[in-house]
Amino acid sequence: MTIRSTCVLAAAAILFAACGGAANAPTPTDTATTAPTATAAATSGATATAAGTWTIGSDTKATISVREQLVGVNLPSDAVLTAKGATGTFAINSDGTFSGDSKITIDVTTLASDQRDRDNFVKMDTLQTRQFPTATFVPMKVTGLTLPLASGEELKFTLAGKMTIHGKTKDVTFDVVAKRSGGTLTATATANPTWKFEDFGMSAPSVPFRVVSVNDEIRLVVDIVATGSAS
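Because the structure is predicted, anything quoted here is derived from the model rather than measured.

Engineer: In this structure, what is going on with the nonpolar core? I would like to understand it.
Structural biologist: By size, the foremost hydrophobic cluster in this structure holds 45 residues, and its most contacted members are F90, F174 and W195. It is strand 9 (residues 154–165) that contributes the most residues to this core, five residues altogether.

Engineer: Would you explain the pattern of salt bridges in this entry?
Structural biologist: Between side chains of opposite charge, pairing is possible as soon as their charged atoms come close. Within this structure, the stated rule accounts for two salt bridges. Here K162 makes a salt bridge to D171, at a shortest N to O gap of 2.7 Å. With a relative accessible area of 33%, K162 lands in the partly exposed category.

Engineer: Where do I start with the side chain of S99 in this structure?
Structural biologist: Turning to its location among the elements, S99 is positioned in the loop between strand 5 (87–91) and strand 6 (103–107). A polar side-chain atom of S99 sits 2.8 Å from a polar atom in the side chain of S102. Not counting the four nearest positions on each side in its chain, S99 is found in contact with A91 and N93.

Cut-off values and rules
Residues numbered from 1 in each chain as written. Predicted model: local features only at pLDDT ≥ 70, side-chain atom pairs only at ≥ 80, totals over all residues. Heavy atoms only, no water. Core = buried A, V, L, I, M, F, W, Y, C linked by side-chain atoms within 4.5 Å. Buried < 20%, exposed > 50% of the residue type's maximum accessible area, 1.4 Å probe, protein only. Helix = DSSP H or I, 4+ residues; strand = E, 2+ residues; numbered from the N terminus. Salt bridge = Lys/Arg side-chain N within 4 Å of Asp/Glu carboxyl O. Polar contact = N/O pair within 3.5 Å; in protein donor to acceptor, adjacent residues only side chain to side chain. Contact = heavy atoms within 4.5 Å.

Structure (structure tokens):
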């Protein structure tokens, strides 16, 4: 088992972040505790419709990567882990905030990579899934997103919310690129800034004689697929 397991840790967190798919604004320089304001004007030249309530689809996935240096390998490489199966709903208000019941939940016990031993180590030792089997993301605010959501054009914005992993909650932000096609919303949300293991009360995985070092930086990208009203 290699330290590539570290990816899993991040993956859990990431999954939930994915939930908020929708927006693009200036890249935040620090974790946002308060999100900015969203634009309320409709996009010209595109068909605009009400935001409505969106349901996270099973095709949603979160990909986490961590830079590691393995014993006997000259160059560092990325350990990558993907999680699927997010559930939840969200609704964006006209001012860019979210309805109070918006939340995405992920079963972190489903995390998997190409190495079962690595997966087990990350779940049992790092994420401690027996005690913390799920991770959640509560979207709070979008900035730079024109509402109501337009159909047929690329949408870019920033999403801020609260991520809970390993029993610890942290304010996080994502850079989002999304597109709405009728009743389907697809988005790619990238955590910015990146996270550290200690942000969620965890320690970077350590495997003596197998891993020389692991960068304390978790990079998370969530690919979101959600369904809602087509009109």
